[in-house]
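Fold and contact review
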Amino acid sequence: MSDQNPLVYTGRVWKFGDLINTDLIMPSKAFRLPKAEQHMLCFEAVRPGWVRQVKPGDIIVAGENFGMGSSRPIGDVMRAAGIVAVIAESINGLAMRTCVNSSLPAINCAGASKLFEDGDTARVDFLSGKIENLTKGTALQTHPMAPLLAEIVAAGGVIPMLLRQGSIHAEPFVAASS
Amino acid sequence: MGATAIEKILARTSGKDVVRPGEVAVCRPDIVLHIDLPMAIEGAWYKPKKIFDPGRVAMIFDHAVPSPSIKDASAMAEGRRMAKEFGLKYVFDVGRHGIAHVVAAENGLARPGELLVCADSHTCASGGLNCAGRGAGIPDTLQAMTNGIVWYPVTPTIRYELKGRLGPMVSGKDVFFYIAQTWGGHGNTSIEYGGPGLKSLTVADRRTIATMSAEVGAEFVLVDYDALTAEYLNGRLDRPATPVQADKDADYLDVRTLDLAEVEPYLVLPDAIPGNCRRFSELKDKIRIDQAFIGSCANGLIEDLRVAAAIVRGRKVAQGVRFIVTPGSQAVYLQALREGLVETLTEAGAVVTNSTCGACLGYHMGVLAPGEICITASPRNFKGRMGSNDAQVYLGSPATVAASALAGVISDPRAAARA
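Another point: the confidence of the model for chain B. With 99% of its residues at a pLDDT of at least 70, chain B reaches an overall mean of 97. Predicted as a complex, the structure gets a pTM of 0.96 and an ipTM equal to 0.93.

Next up on the list: the layout of surface pockets. A volume near 710 Å³ is recorded for the largest pocket. Along the walls of the largest pocket sit 27 residues, with A:M96, A:N108, A:H143, B:P153 and B:N188 positioned nearest its centre. Only α4 (93-101) and β4 (106-108) of chain A together with β7 (150-153) of chain B provide two or more residues apiece to the lining of the largest pocket. Looking at the lining of the largest pocket residue by residue, the classes come out as 15 nonpolar, seven polar and five charged.

Residue placement: B:E215 occurs in the loop between α7 (203-212) and β10 (221-223). For B:E215, a relative accessible area of 3% puts it in the buried group. Leave out the neighbours within four places in its chain, and B:E215 touches A:M68, B:H122, B:F176, B:I273, B:P274, B:P379, B:R380 and B:F382.

Another aspect to go through is unusual backbone geometry. Note on backbone geometry: most residues besides glycine have negative phi, and most peptide bonds are trans. Put simply, B:V65 and B:P66 share a cis peptide bond, and its omega is -20°. Phi at A:S103 is positive, roughly 65°, even though this residue is not glycine. Of note, B:N188 is a non-glycine position whose phi angle comes to about 55°, a positive value. For B:N188, the position within the fold is in the loop between α6 (172-183) and β9 (190-194).

With that settled, the discussion passes to the domain arrangement of chain B. All names here are of chain B. Domain assignment breaks chain B into domain 1 (5-260) and domain 2 (266-418). Here the C-alpha centroids of domain 1 and domain 2 sit 24 Å apart. At the junction of the two partners, domain 1 supplies 38 residues and domain 2 supplies 42 residues. Ranking the residues of domain 1 by area buried against domain 2 places I99, M169 and F177 at the top, with a combined share of 21%. For the pair domain 1 and domain 2, the interface holds one salt bridge. E215 is paired through a salt bridge with R380; the nearest N and O atoms lie 3.0 Å apart. Joining domain 1 to domain 2, the criterion identifies 23 residue pairs in polar contact (both at pLDDT 80 or more). If you list the elements that add at least two residues to the side of domain 1 that touches domain 2, you get α4 (100-106), α6 and α7.

Cut-offs used in this document
- Residues numbered from 1 in each chain as written.
- Chains lettered and ligands numbered in written order.
- Predicted model: local features only at pLDDT ≥ 70, side-chain atom pairs only at ≥ 80, totals over all residues.
- Heavy atoms only, no water.
- pLDDT = per-residue confidence, 0-100.
- 1 Å grid on protein atoms, 1.4 Å probe; cavity = no way out; pocket = protein on both sides within 12 Å on 5 of 7 lines; lining within 4 Å.
- Points joined across faces, edges and corners; volume = space filled by probe spheres on them.
- Helix = DSSP H or I, 4+ residues; strand = E, 2+ residues; numbered from the N terminus.
- Nonpolar A, V, L, I, M, F, W, Y, C, P; charged D, E, K, R; others polar.
- Buried < 20%, exposed > 50% of the residue type's maximum accessible area, 1.4 Å probe, protein only.
- Contact = heavy atoms within 4.5 Å.
- Domains from an automatic or database assignment.
- Buried area = accessible area lost by both parts, 1.4 Å probe.
- Salt bridge = Lys/Arg side-chain N within 4 Å of Asp/Glu carboxyl O.
- Polar contact = N/O pair within 3.5 Å; in protein donor to acceptor, adjacent residues only side chain to side chain.

The structure is reproduced here in C-alpha cells:
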C-alpha cells in the first residue's frame, strides 16, 4: 500500500537470492500468453506457486544482480503479480530502467538481504533512501532514487508519458493469435 | 580530470561538455534499432504516431524469423506497415534479416563514436565497433524513436588493458569467461577494452567480448577504435566515422591488465556465468550432451562457422547428438555457402538453420526437452533459457561446442585439434 508520499511503500517481503534473472521473472513461454496471464509464470522455475501466494502491495527483496538478462517487460509482470516495490543488494541496469519505465520503483541497497526475512514488513522511502524492517525495528540508509527516475515513476511510467504527449496511439497493439 | 570514451558519447548526445558518474544523461540517439519481439508480446507495444527521424530508425526482424507462430507473423506485419507509414530508411525484412546486432554491424549502422538504442539486452554488441549501446527496454525504444529521447545513468567505468595474444583454439568467448571468472560481476559499471594486445584480437572476437559483457551486468561497453575497426567498416558506413578515445587522464573505477596468453578454453556450468567458469583441467566427470548449438549475436559470425567447419571436416557428429548451427545473418549464411561451410557442416551431420535468435532464447529452432543437456556458444545458460526448466545449458566457445558435438561429451577443443 502507498503512504501519502507516493514513493513510500509498506508491504510484506518476499525474499529472493542472488542472480534472479529475467528468464525466471518472465520466461520466453510467457511471450505468447495474453497480457493478463503473462505474470503467471513469474518465479515458477524457482518458487512454484508464488503468483498465487503474492498479494497486491507486497515487496520483493533480492540479492546481487537482480533482473540480469534479457530485455523483457519484467516491471509490468511484477506489477501485475501485485508487487509495488523492489529492493535488492544490486539491481541490473537494464532491469532498473525497465522497472522505472513501468512505474515500479526499484532501489539498490547493500545489506538488504540481511535486513529482511521472508514475511517481514518493509517500509521503503525511495526519495530519502530509508529502508526499514517494521517487524524487527531495524533500518538501513541507501542512496535515494535519482530525481529524474522518481519523476518517471510518479508519472506512471514512460507509456503514460508518451500517451499524454500524443506520441503513441492510445491502445496497445495486439498481435493476432488466430 | 579527463573523460572516458563512454562519457564523451553521453556528453555529446546530451548536449553537454562533460557528464560524470552519478548524473542521469538525457540523450538524443544517433540510431534506433526496432526488432520484431516487442510487437509480438501482447500489451507491450504501442503504435507510434510519429518518428523523430525516419533516417535514424531501422526495422530489423530477428527473434522469430521466419515466423513460427501467428502472433509473430502478425507482429512482423505490423512492423512492415509501420516502416511504410513512416518511410523508414533501413528495413531488414525476411531475406535481408539477421540478428539485429549482426545486421547493424554488417550494414554500418553501429557507427564508431555514436549512440545506438535497441530493446535487446545484447545491444552492447555495438561496443565492439566503438559504438555505444546498452540494452534498453520497449518503452525506451518507443520514447527514442518517437521523441528522440533516451535516458542513461552515467556510471563509473572499468578499463581493461589487453596485452599478449591468444593461444590456439582460444577465442574471444574464452576471454570473456576469464574476465567473468576472475573479476565477477560488473553491475552498474561500464567497460572499456584497449591496450597493446587489442591489435591481435580480431574484430569478430571483439564483437563477441562486447556482446558477452552484458552477462557480467555491464552498462555500456566500448572497444577502442583502431586500424582493424577501420578495415572492417571500410565500405559499410554512409557517413564518416567519428571514433572516440578516452582522455589520458580519464577517471576509471579500476584499470586491469589482462594477458591474453593466460586465457584457456572454459566451460561454464549451468544457470549462471560469473563464478561458474571452469578450465578443462578442473573437470572430472564426463558430461554427455543431447544438443550442441552455435549461433546468436555472440557467436553466429562467419569466423565462428569457419572454426566449427574446420573441426568437424571429414568427421561425424556423435550418435544421439543434435548439432544446430544458426548463422547470425543472411549475409553470414551466404558467405558460409560460398565458402562451402554449410556443406562441410551438413556432411558432418549438423543442421544449418536460417539466421535468427532462435534456439538461444528457447523460442524455436532447437528447444530443449526436460532432462536434456545442451552445450551452446550463445550468451546465456539461465535455467529454462533454452526450453524446459529441467534442461541443463552449458556454455563454451564455438570450438568447444563443435568438439563436443563430435565426441558426444563436453570436450576440450585443444584435444579435438590434436586428434
